[in-house]
Amino acid sequence: MEKISRVAQAEEDIKYATRFMKPILTIVGAWPVPSHYPLSSKIVQKMTQVFTYFLFFLMLIPPFLYVIKKETNNKFRLRLMGPIINCVLQVPKYTIILYRAKEIQKGIDAIRQDWIAATEDNRLIFLEKARIGRKIVLVVASTMYGGGVSYRILLPLLKGTIVTPDNITIRPLPCPVYFSFLDEQVTPNYEILFLLQIMGGFATYAVISGSCGISALLVLHACSLLRILDNKMKQFSDKEHTTEREVQRDIADVVEFHIKVKRFLKNIKKITVYVYLNDMIGGTGLICLEGYYILQALDDGNTTAFIIYLTIEISVTFCVFILCFIGQLLIDESEVLGLTSCTLNWYRLQPRQARTLILIIVMSNYPMKLTAGKMLEMSLATFTDVFKLSMAYLNILREVV
């Protein structure tokens, strides 16, 4: 009966931790579907994925053709390239998330098992990190969808219809498009394209918010495991051991838990290594571009565009910051663990028993960190480097364009 109660409690806790992230990723068919789910659920997911790729295609090719074939003003070209570049960045990220669906499901299953086996004290540690993860997803989704909805709905609607010198009426789309086989201004083509571009934007923001959510869920759970491991080491150090068998059992428990954490972190790295590289490179470019758009809006005296671009700039910067922040949290927990291992009361053990702690100390002092493409360390120092590089590119852009 107690086992059933703990399983039910763990399921509720998992629902609590993924309440915002799961529906966001389900929208684009990126939330892993367990193998025991019916075939109809898997078919629906595949159809959703195909439709999402279609939206990405619609957001990329026609707007890019418009930039190179119809737009002649370089400043306007640059302004139109922002949404295109953002979509280009989300396509490989979305593909990686789908490709790593098994690893994501494996991580979620490991989290579920940890919640089931957790003591009340450990459950409180898990809940503390889960709350942080929920807040991260909520803030990222709010800023991304807030800025995105304003850009894709309010901005074109506020522009109103445009009448050219040739007396041609143009109804603005969120992203101008070029088709050689249809007129996008004719009803119902215009309304359909407007709706599809809004849906494409929502899919883009879902990928951004969902990838941040997955990273936060997995990395913060790893931080919880490190905190629990740290507590195990302290309890081992302070405990009065009566027999050698008891010492060996406690050391084995610490080592096995440490190996479990390492294995979980290895799975996280498989999922995030190239997602983070995409975010760091793309974040640098988008922060630069959005900053340029803000300055253009100020020069034009367009307050509405200024507020919208500022909102998008904040959301993009916050996404990069969050990924670096959770990477820093992992580094901090790893450093605390290393410090704890070096301050164990080894002198209270027999010499032969104390020697067994050497491997634990070595393992604990090996840095646990996440990287972007195995090149950049995910930390707050990296965030400052990315932001400074973006501002440097912005200064160059202002001089060149």
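Residue positions are counted from 1 within each chain, in the order its sequence is given. The predicted origin of the model limits local features to residues at a pLDDT of at least 70 and limits the giving and counting of side-chain atom pairs to 80 or more, whereas totals for whole chains, interfaces and linings rest on all residues. As a convention, hydrogens and water are excluded, and side-chain values are obtained from all of the structure's heavy atoms.

### Remarks on the overall build of the protein chain
Broken down by element type, the protein chain carries twelve helices and four strands. Taken along its principal axes, the extent of the C-alpha atoms in the protein chain is 95 × 50 × 30 Å. Every residue pair with non-hydrogen atoms within 4.5 Å of one another is taken to be in contact. A separation of at least 24 residues holds for 78% of the contacts in the protein chain among residues at least 6 apart in sequence. Only four residue types enter the charge count: Lys and Arg as positive, Asp and Glu as negative, with His and the chain ends excluded. In this description, the location of a charge corresponds to atom NZ of lysine, CZ of arginine, CG of aspartate or CD of glutamate. Computed over 44 positive and 34 negative side-chain charges, the inter-centroid distance for the protein chain is 5 Å. Going along the chain from the N terminus, every DSSP run of H or I of four or more residues is numbered as a helix, and every run of E of two or more is numbered as a strand.

### Considerations on the pattern of salt bridges
Where charged atoms from two side chains of opposite charge approach closely, those side chains can pair. Here, a salt bridge means any side-chain nitrogen of Lys or Arg that lies within 4 Å of a carboxyl oxygen of Asp or Glu. In this structure the tally under the stated criterion is 16 salt bridges. Salt bridges sharing common partners tie together E128, K129, R227 and E333.

### Quick word on the environment of A117
Turning to its location among the elements, A117 is positioned in helix α5 (residues 101–117). Relative accessibility thresholds used throughout: buried, under 20% of the residue-type maximum; exposed, over 50%; partly exposed, between the two (1.4 Å probe, protein chains only). Using a relative accessible area of 56% as the deciding quantity, one classes A117 as exposed. Taking the C-alpha atoms as reference points, A117 and A10, separated by 107 residues in sequence, lie 8.9 Å from one another.

### Concerning the packing of aromatic side chains
Here a pair means two rings of Phe, Tyr or Trp (six-membered ring of Trp) with centres within 6.5 Å. Their orientation is stacked below 30 degrees between planes, edge-to-face above 60, and tilted elsewhere. Tallied over the entire structure, the rule returns 14 aromatic pairs. With 5.7 Å between their ring centres and 75° between their planes, F56 and Y94 make a pair best called edge-to-face. Linking F56 in helix α3 (residues 39–69) with Y94 in helix α4 (residues 74–99), this pair joins segments that are 38 residues apart in sequence. For the pair formed by F56 and Y94, the shared burial category is buried. Relative to F325, the ring of F321 lies with its centre 5.8 Å away and its plane at 20°, an arrangement referred to as stacked. Remark: F325 and F321 occur in helix α9 (residues 303–342); sequence separation between them is four residues, near one turn of the helix. Residue class for F325 comes out partly exposed when judged on its relative accessible area of 27%. In this scheme, the term charge over a ring applies when either NZ of a lysine or CZ of an arginine sits within 6 Å of the ring centre and within 35 degrees of the ring normal. Stacked on the ring of Y16, the Lys or Arg R134 has its end atom at 4.0 Å from the ring centre. The positively charged end of K232 is found above the aromatic ring belonging to F257, 5.3 Å away from the centroid.

### As for helix α11 (residues 357–364)
Among the residues making up α11, those that are buried are L357, I360, M363 and S364. All buried residues of α11 project into a common sector of 125° when viewed along the axis, lining one side. Within α11, the exposed residues directed more than 90 degrees away from the buried face are I358, L359 and V362. The arc in question is the one spanned by the directions pointing from the helix axis to the C-beta atoms.

### Quick notes on the packing of helix α8 (residues 244–300) against α11
Where α8 meets α11, the axes come as close as 11 Å, and the angle between the chain directions of the two elements is 25°. With respect to each other, α8 and α11 are oriented roughly parallel. Seen along the crossing, α8 lies across α11 with a hand that is left-handed. Contacts between α8 and α11 involve I251, V254, V255, H258, I259 and K262 on the former and, on the latter, L357, I360, M363 and S364. The residue makeup of the contact of α8 with α11, split by class, is seven nonpolar, two polar and one charged. Axis lines are fitted to C-alpha atoms, over the contacting stretch for helices. Their N-to-C directions set the angle, which ranges from 0 to 180 degrees. Comment on the angle field: the value is read as roughly parallel under 35 degrees, roughly antiparallel over 145, roughly perpendicular from 65 to 115, and oblique elsewhere. Rotating anticlockwise by less than a right angle from the far helix to the near helix defines a left-handed crossing, while the corresponding clockwise rotation defines a right-handed one. Gly is placed with the polar residues, together with every amino acid not listed as nonpolar (Ala, Val, Leu, Ile, Met, Phe, Trp, Tyr, Cys and Pro) or charged (Asp, Glu, Lys and Arg).

### Comments concerning the packing of helix α7 (residues 189–238) against α9
Relative to each other, α7 and α9 sit at 10°, their axes nearing to 9 Å. Judged by the angle between their axes, α7 and α9 are roughly parallel. Across the contact of α7 with α9, the residue classes tally to 17 nonpolar, four polar and four charged.

### Some words on the UniProt feature "transmembrane region" (unreviewed entry) in the protein chain
Listed under "transmembrane region" (unreviewed entry) in the UniProt record, and renumbered for this structure, are residues 20–38, 50–68, 136–154, 202–229, 273–294 and 306–331. Annotated as residues 50–68, this span is 100% helix and 0% strand, and its ends, taken at the C-alpha atoms, are 27 Å apart. UniProt positions are given in the numbering used here, feature names are shortened, and annotations may be inferred rather than shown by experiment.

### Focus on the environment of P83
With respect to the helices and strands, the residue P83 is situated in helix α4. Taking C-alpha positions, P83 is 9.2 Å from L286, a pair spaced 203 residues apart along the chain. Excluding residues within four positions of it along the chain, P83 makes contact with Y151, R152 and C175.

### A look at a nonpolar patch on the surface
Two distance rules govern patches: like charges are joined within 9 Å, and nonpolar side chains (Val, Leu, Ile, Met, Phe, Trp, Tyr) within 5 Å, applied only to residues with over 30% relative accessible area and no salt bridge. Per-residue and other accessible areas follow the Shrake-Rupley method at a 1.4 Å probe size, with only the shown protein chains counted as cover for residues. Taken together, the side chains of F51, F54, F57, I61, L195 and M199 present a nonpolar region at the surface, about 540 Å² in accessible area. Secondary-structure elements contributing two or more residues to the nonpolar patch are α3 and α7. Among the secondary structure elements, M199 is positioned in helix α7. Judged by relative accessible area, which is 32%, M199 ranks as partly exposed.

### Here we look at α8
A helix is expected to reach a length of 1.5 Å times the quantity of its residues less one. With 57 residues, α8 extends 78 Å from end C-alpha to end C-alpha; this agrees with the ideal 84 Å at 1.5 Å per step. Note that bend, as reported per residue, equals the angle between axes fitted to the 7 residues terminating at that residue and the 7 residues originating from it. The largest bend in α8 amounts to roughly 40° and is located at T272. Following α8 by one or two positions, G301 adopts a phi angle in the positive range, close to 70°.

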